[in-house]
Amino acid sequence: GESVGLHLPTLSVQEGDNSIINCAYSNSASDYFIWYKQESGKGPQFIIDIRSNMDKRQGQRVTVLLNKTVKHLSLQIAATQPGDSAVYFCAETNGQNFVFGPGTRLSVLP
Amino acid sequence: DAGVTQSPTHLIKTRGQHVTLRCSPISGHKSVSWYQQVLGQGPQFIFQYYEKEERGRGNFPDRFSARQFPNYSSELNVNALLLGDSALYLCASSLYYRRYTEAFFGQGTRLTVV
């Protein structure tokens with residue numbers, strides 16, 4: 001289940017496997033979403049975005065799925081690599097500022 | 001091309017002091033936003049500026065203020081520091097202030113209040 005503070009939800013995957021990170025967003029009026037990757041000691045790094053008029057968008061090794069009916073966003077990472085280890089945040093906006101989810105820590109096992 | 005640059009990278013201040021954090025956006029970007037990230041949580045919106053005008057403000061006390069300069073760089077000021085202000089302060093740069101505009105973050109300023 002979801003935790004707060006220092007106890008981020010953690011997903012552990014074997015190197016080479018696919019990863020799926022989920023996010024429940026809060027505002028049904030949000031129409032633009034971004035996934036960010038944050039490594040220790042660094043700022044969030046843009047991964048991929050999607051508008052609400054789409055339900056799927058693909059990038060290099062990453063796919064974002066949007067289900068507006070249940071306000072759910074997911075990030076799929078293909079062939080997960082050690083360099084993918086980080087905290088992943090989804091962010092939503094309805095044209096104002098971005099609102100970030102609590103984050104998920106992805107740990108890639110050798 | 002330089003990304004978003006923030007200074008300083010680390011800062012230690014005493015309760016009650018004042019702090020100024022600085023941000024230079026990506027060249028050509030006209031919008032700057034500030035976020036506070038407490039350890040273990042997602043960033044929280046503080047301010048957004050576009051063309052030197054405040055365009056949005058989050059739920060933060062009046063001790064927090066900011067401004068944007070003609071060259072689009074920005075400063076975040078925090079007065080009367082509290083222990084709870086200890087956090088990573090992030091600056092995000094966007095090309096415009098409009099929908100569907102990507103925001104790119106700097107590496108942040110780690111503020112510790114003792």
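Just above sits the structure.
Residues numbered from 1 in each chain as written. Chains lettered and ligands numbered in written order. Predicted model: local features only at pLDDT ≥ 70, side-chain atom pairs only at ≥ 80, totals over all residues. Heavy atoms only, no water.

Caption draft 1: Highlighting the nonpolar core. Grouped together as the largest cluster of nonpolar side chains are 20 residues, with contacts concentrated most on B:Trp34, B:Ile46, B:Phe47, B:Phe64, B:Leu76 and B:Tyr89. Of all the elements in the fold, those that place two or more residues in this core are strand 3 (19–24), strand 4 (31–37), strand 5 (44–50), strand 7 (64–68), strand 8 (74–78), strand 9 (87–94) and strand 11 (109–113) of chain B. Once you skip the residues sitting within four places of it in the chain, B:Phe64 turns out to touch B:Gln36, B:Ile46, B:Phe47, B:Arg57, B:Asn77, B:Val78, B:Asp85 and B:Tyr89. Ranked by size, the runner-up nonpolar core spans 19 residues in total, among them A:Ile48, A:Leu66, A:Tyr88 and A:Leu106. (Core = buried A, V, L, I, M, F, W, Y, C linked by side-chain atoms within 4.5 Å. Buried < 20%, exposed > 50% of the residue type's maximum accessible area, 1.4 Å probe, protein only. Helix = DSSP H or I, 4+ residues; strand = E, 2+ residues; numbered from the N terminus. Contact = heavy atoms within 4.5 Å.)

Caption draft 2: Structural detail: the interface of chain A and chain B. At the interface, 24 residues of chain A touch 21 residues of chain B. Between chain A and chain B the total buried area reaches about 1800 Å² when both faces are included, carbon and sulfur atoms providing 56% of it. On the surface where chain A and chain B come into contact, there are zero salt bridges. At four residues, strand 3 (residues 32–38) of chain A tops the list of elements feeding residues into the side of chain A that touches chain B. Class assignment for the residues of the side of chain A that touches chain B results in 11 nonpolar, nine polar and four charged. (Buried area = accessible area lost by both parts, 1.4 Å probe. Salt bridge = Lys/Arg side-chain N within 4 Å of Asp/Glu carboxyl O. Nonpolar A, V, L, I, M, F, W, Y, C, P; charged D, E, K, R; others polar.)

Caption draft 3: Geometry of the sheet that holds strand 7 of chain B. Residues and elements named next belong to chain B. On the basis of which strands lie adjacent, the open sheet formed by four strands has the order 1-3-8-7 and antiparallel pairing. At either margin of the open sheet sits one strand with a lone partner, and together these are strand 1 (5–7) and strand 7. Across this sheet, the average inter-strand angle for adjacent strands is 15°, counted without regard to direction. Here strand 3 pairs with strand 8 via five bridges, running antiparallel. (Pairing = 2+ DSSP bridges. Axes fitted to C-alpha atoms, helices over the stretch in contact; angles between N-to-C directions.)

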